[in-house]
Amino acid sequence: MLKKHWWKALAVMLIFYTIIGGLILEVPRLAILNETIRNLYFHVPMWFVMVITAGTSAFYAIRYLNKQNPIDDTRSLEFAKAGILFGVLGMLSGMLWAQFTWGTFWSGDPKQNASAVAIMIYFGYLILRGAFTDELQKFRVSAVYNILAYAVYIPLIFILPRLSDSLHPGNGGNPGFNAYDLDSKLRLVFYPAVIGWILVGVWVAQLRIRLTKAEIIIENK
Amino acid sequence: MAILALLVYSLVLGNPVKDLPLFIVNVVLGASGFAASLSMVAGIASKTNNSAALTAILGFPVVLPIILMSVKVSKNAMDGLARSTSYDELLVILAIDMIVITVSYILFPYLWRSN
């Protein structure tokens, strides 16, 4: 039991560490940002989770097209849903952060717009799934759309905002990661936070997949 | 078709574009990107019961990056700015075009199979 579920315990511990450490440990004093820099541990990892869950979703979509196994479609759907959840959370936490640093919840920043479009693409995925009557066709076509969506999503999130001036740190050519303000004290919490949130994202998706599996078994009884 | 539209418009309304070659390259790249992604999305939507509405819903976010980039390059071309300012955007449009065309080319057989 412990062998199989160690990563869930790890996720819980990392998230607790993020919350407690993120709120108590010392952070660098920066102008404007002040204490809101702590949001780094919550806002930024959300996008890591969305990229990874959306990628996993696209991976299972490809596997579905190869093997025609309905469970891969369920996996693809639930990972996409988890991606949407974390995308929305990332956007909300980003908006809160923007309110206290940039002055408004929504300032039409290129990254804000791009992420809103990205979330729209994935909402389109859910709408598309609702428009089918034939199950097999639904699985196949939504897998196709999912792969296309991921192929558009990656340049939308990573390349497009870098080309235009943004309020986000590290824009204008250099990635936001090695930006001046991510010093070693922040890294101490930031990296565990990223891993912890990713594990939580996978956990959410996995719970939903198991739920669907259980429903299928009950239906077949 | 986009080139044709460009010709007609410049005939009727006059041509304010200062850097025509750049503009034409941009038009061609943007139009092929539109064609590729909208065909793919229309193909996806045609498999559903309510295809007309779904094409619009699914297509808009997919073409939005191309629209944004082309608008920027067109503006540069119209104002006759130095070409080096538009290379980044052109490269991105080209990259998105190639990604969408490649992905569509691979995925289309799966989409169109009757079962």
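You'll find the structure just up there.
**Thoughts on the overall build of chain A**
In terms of regular secondary structure, chain A is built from six helices and zero strands. Element order for chain A, N to C, with α for helix and β for strand: α-α-α-α-α-α. Taking all 221 residues of chain A together, the buried fraction comes to 51%. At a minimum sequence separation of 6, the contacts of chain A that also span at least 24 residues come to 73%. Taken as a whole, chain A presents about 10900 Å² of accessible surface, with 69% of it coming from carbon and sulfur.

**Some thoughts on the overall build of chain B**
Secondary structure assignment for chain B yields four helices and zero strands. Order of helices (α) and strands (β) in chain B, N terminus to C terminus: α-α-α-α. Residues counted as buried form 40% of the 115 residues belonging to chain B. Total accessible area on chain B stands at roughly 6300 Å², and carbon and sulfur atoms take up 74% of it.

**Considerations on the packing of helix α2 (residues 40-67) of chain A against helix α3 (residues 70-101) of chain A**
Residues and elements named next belong to chain A. Packing of α2 against α3 leaves a shortest axis separation of 7 Å and a crossing angle of 160°. For the element pair α2 / α3, the angle class is roughly antiparallel. Between α2 and α3 lies a crossing of left-handed hand. Broken down by class, the residue content of the contact of α2 with α3 amounts to 16 nonpolar, 10 polar and four charged.

**What about the side chain of Glu78(A)?**
Residue and element names in this part refer to chain A. Take Glu78: it is sitting in helix α3. Assessed through its relative accessible area of 4%, Glu78 is described here as buried. When near neighbours in sequence (up to four residues on either side) are disregarded, Glu78 contacts Ala205, Arg208, Ile209 and Thr212.

**Let's talk about the interface of chain B and chain A**
With 30 residues of chain B in contact, the opposing surface of chain A contributes 28 residues. Roughly 2600 Å² is buried in total at the junction of chain B and chain A, and carbon and sulfur atoms are behind 78% of that figure. For the interface between chain B and chain A, the tally reads zero salt bridges. Inspection of the chain B/chain A interface yields two residue pairs in polar contact (both at pLDDT 80 or more). Of all the secondary-structure elements, those providing two or more residues to the side of chain B that touches chain A are α2 (20-46), α3 (51-79) and α4 (87-112) of chain B. The element contributing the most residues to the side of chain B that touches chain A is α3(B), with 11 residues. Looking at the side of chain B that touches chain A, its residues break down into 21 nonpolar, five polar and four charged.

About the cut-offs
- Residues numbered from 1 in each chain as written.
- Chains lettered and ligands numbered in written order.
- Predicted model: local features only at pLDDT ≥ 70, side-chain atom pairs only at ≥ 80, totals over all residues.
- Heavy atoms only, no water.
- Helix = DSSP H or I, 4+ residues; strand = E, 2+ residues; numbered from the N terminus.
- Buried < 20%, exposed > 50% of the residue type's maximum accessible area, 1.4 Å probe, protein only.
- Contact = heavy atoms within 4.5 Å.
- Areas by Shrake-Rupley, 256 points an atom, 1.4 Å probe, with all protein chains shown as cover.
- Axes fitted to C-alpha atoms, helices over the stretch in contact; angles between N-to-C directions.
- Parallel < 35°, antiparallel > 145°, perpendicular 65-115°, else oblique.
- Left-handed = near helix turned anticlockwise from the far one by under 90°.
- Nonpolar A, V, L, I, M, F, W, Y, C, P; charged D, E, K, R; others polar.
- Buried area = accessible area lost by both parts, 1.4 Å probe.
- Salt bridge = Lys/Arg side-chain N within 4 Å of Asp/Glu carboxyl O.
- Polar contact = N/O pair within 3.5 Å; in protein donor to acceptor, adjacent residues only side chain to side chain.

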